[in-house]
Amino acid sequence: MKERYSNPYVIGVILGLILLFSFYTMGRGLGSSASFARIATAGVNLVAPEHAKANAYLSNYLRRGKSPLVDWLVFLTMGAALGGLFSAFISNRIKGEVARGPFIGVSIRLWLALGGGILSGFAARMARGCTSGQALTGAAELAFGSWVFMLCIFAGAYATAYFFRKEWL
């Protein structure tokens, strides 16, 4: 049975309309790395509130006198995750498996995924934005740096894929 996927052009138009709505209603575009920074700040503040307040980076999320979790980007990220899970559920795509090539073990694959996620999250915060923020918001604003960033992302992905292709064949 052939799996059905959504039309990427229709989804692209819908995503563009969501981005336009985000600019109109919130005054800024889409991105998700700030929500993870807010979640981490809330966790550190729960365990070590004095450290969170003294830390220059974390204290930025604590200044407003309310929980760092009370932000529309946190809810956007949760909604995207729940929406993806719902979509996978209704299309029968939820499987208890680890996607990997035939020459790599499950344990190594999970450790590499964790390491890559941590590295990506750290890099996104250093760059003051994630790839979705750069690609969607920056490109929509015609920011030259965002366009250069996306070209570098694609070039880097293609160059890296060459070295790892044997893992997936």
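Everything discussed here concerns the structure shown above.
On a predicted model such as this, the values are computed, not experimentally measured, just so you know.

Undergrad: So what exactly am I meant to see when it comes to a nonpolar patch on the surface here?
TA: The grouping of Leu82, Leu85, Phe86, Phe89, Ile90 and Ile94 at the surface amounts to a nonpolar patch, some 680 Å² of accessible area in total. Among the secondary structure elements, Leu82 is positioned in helix α5 (residues 72-90).

Undergrad: Is there a simple way to think about the packing of helix α1 (residues 8-26) against helix α7 (residues 131-140) in this case?
TA: A pair of packed helices is characterised by two quantities: the angle between their axes and the separation of those axes. The geometry of α1 relative to α7 is characterised by a closest axis approach of 11 Å and an angle of 70° between their N-to-C directions. When the axis of α1 is compared with that of α7, the two are roughly perpendicular. For the crossing formed where α1 meets α7, the hand is right-handed. Together, Leu15, Leu19 and Phe23 of α1 and Leu136, Thr137 and Ala140 of α7 make up the contact between the two elements.

Undergrad: What should I look at first to understand unusual backbone geometry in this one?
TA: With glycine set apart, most residues show a phi of negative sign, and most peptide bonds adopt trans. Backbone geometry at Asn92 places phi at a positive 55°, although glycine is not the residue there. With respect to the helices and strands, Asn92 occurs in the loop between α5 and α6 (106-126). Of the residues examined, Asn92 reaches a relative accessible area of 68% and is grouped as exposed. Here the phi dihedral of Leu142 falls at roughly 60°; this positive angle occurs in a residue that is not glycine. The exposed category is assigned to Leu142, whose relative accessible area is 66%.

Undergrad: Can you walk me through helix α2 (residues 33-47) in this structure?
TA: Structural remark: α-helix, 3.6 residues per turn; residues separated by three or four positions point the same way. Taking 1.5 Å per residue, 15 residues should reach 21 Å; α2 reaches 22 Å between its end C-alpha atoms and fits that length. When α2 is considered as a whole, its buried residues turn out to be Ser33, Ala34, Ser35, Ala37, Arg38, Thr41 and Ala42. Here the buried face of α2 lies against α4 (56-59), α5 and α6.

Undergrad: Would you explain the packing of α2 against α5 in this entry?
TA: Closest axis-to-axis distance for the α2/α5 pair is 8 Å, and the angle between their directions is 105°. When the axes of α2 and α5 are compared, the pair comes out roughly perpendicular. Along its contact with α2, which presents Ala34, Ser35, Phe36 and Arg38, the element α5 presents Leu73, Val74 and Thr77. Here the residues of the contact of α2 with α5 sort into four nonpolar, two polar and one charged.

Undergrad: How should I be thinking about α7 in this particular structure?
TA: Along α7, the residues that are buried comprise Gly133, Gln134, Thr137, Gly138 and Ala139. Turning to α7, the residues buried within the fold contact α1 and α8 (144-164). Phi turns positive one or two residues past the end of α7, at Leu142, with a value near 60°.

Undergrad: Could you clarify how one ought to interpret the state of the cysteines in this entry?
TA: Working definition of a disulfide: a covalent bond connecting the sulfur atoms of two cysteines. Tallying each qualifying case throughout the model produces zero disulfides. Not part of a disulfide, Cys130 finds its nearest cysteine sulfur in Cys152, a span of 17 Å. Residue Cys130 is classed as buried on the basis of its relative accessible area of 11%.

Undergrad: Which parts of the structure should I look at to understand the side chain of Ser35?
TA: Here Ser35 lies in helix α2. Judged by its relative accessible area of 0%, Ser35 falls in the buried class. Of note is the side chain of Ser35, whose polar atom sits 2.7 Å from the side chain of Thr77. Other than its neighbours up to four places away in sequence, Ser35 contacts Leu73, Val74 and Thr77.

Undergrad: Any chance you could explain the environment of Phe149 here in plain terms?
TA: Along the chain, Phe149 turns up in helix α8. Remark: the alpha-carbon pair of Phe149 and Arg93, spanning 56 residues in sequence, is separated by 32 Å. Those residues in contact with Phe149 that sit more than four places away from it in its chain are Thr131 and Gln134.

About the thresholds
- Numbers given to residues run from 1 along each chain, matching the order in which its sequence is written.
- Local features in this predicted model are restricted to residues of pLDDT 70 or higher, and side-chain atom pairs are both shown and tallied only at a pLDDT of 80 or more, whereas totals for entire chains, interfaces and linings draw on every residue.
- Calculation of side-chain values draws on the structure's entire complement of heavy atoms; hydrogens and water are dropped beforehand.
- Here a patch means residues that are over 30% exposed by relative accessible area and free of salt bridges, tied together within 9 Å if like-charged and within 5 Å if nonpolar (Val, Leu, Ile, Met, Phe, Trp, Tyr).
- Accessible areas in this description were obtained via Shrake-Rupley with a 1.4 Å probe; residue shielding takes into account the shown protein chains only.
- Here a salt bridge means any side-chain nitrogen of Lys or Arg lying within 4 Å of a carboxyl oxygen belonging to Asp or Glu.
- Segments assigned H or I by DSSP are reported as helices when at least four residues long, segments assigned E as strands when at least two residues long, and all are numbered from the N terminus.
- What counts as an axis is a line fitted to C-alpha atoms, over the stretch in contact for a helix, and the angles between N-to-C directions run from 0 to 180 degrees.
- Any angle between 65 and 115 degrees counts as roughly perpendicular, while under 35 counts as roughly parallel, over 145 as roughly antiparallel, and the rest as oblique.
- Here is the rule for handedness: rotate from the far helix to the near one, and if that takes an anticlockwise turn smaller than a right angle the crossing is left-handed, while a clockwise turn gives right-handed.
- In this analysis, two residues are considered to be in contact whenever any of their non-hydrogen atoms come within 4.5 Å of each other.
- When a residue's accessible area, from a 1.4 Å probe over protein chains only, is under 20% of the maximum for its type it is buried; when over 50% it is exposed; and in between it is partly exposed.
- To estimate the expected span of a helix, count its residues, drop one, and scale the result by 1.5 Å.
- Note that Gly is not counted as nonpolar here; it falls among the polar residues with everything else outside the nonpolar set of Ala, Val, Leu, Ile, Met, Phe, Trp, Tyr, Cys and Pro and the charged set of Asp, Glu, Lys and Arg.
- Two cysteine sulfur atoms make up a disulfide if the distance between them is within 2.5 Å.
- Any pair of nitrogen or oxygen atoms within 3.5 Å is treated as a polar contact; in protein, a donor-acceptor pairing is required on top of that, and neighbouring residues in sequence qualify only through side-chain atoms on both sides.

On their own, these measurements won't tell you what the molecule is for.
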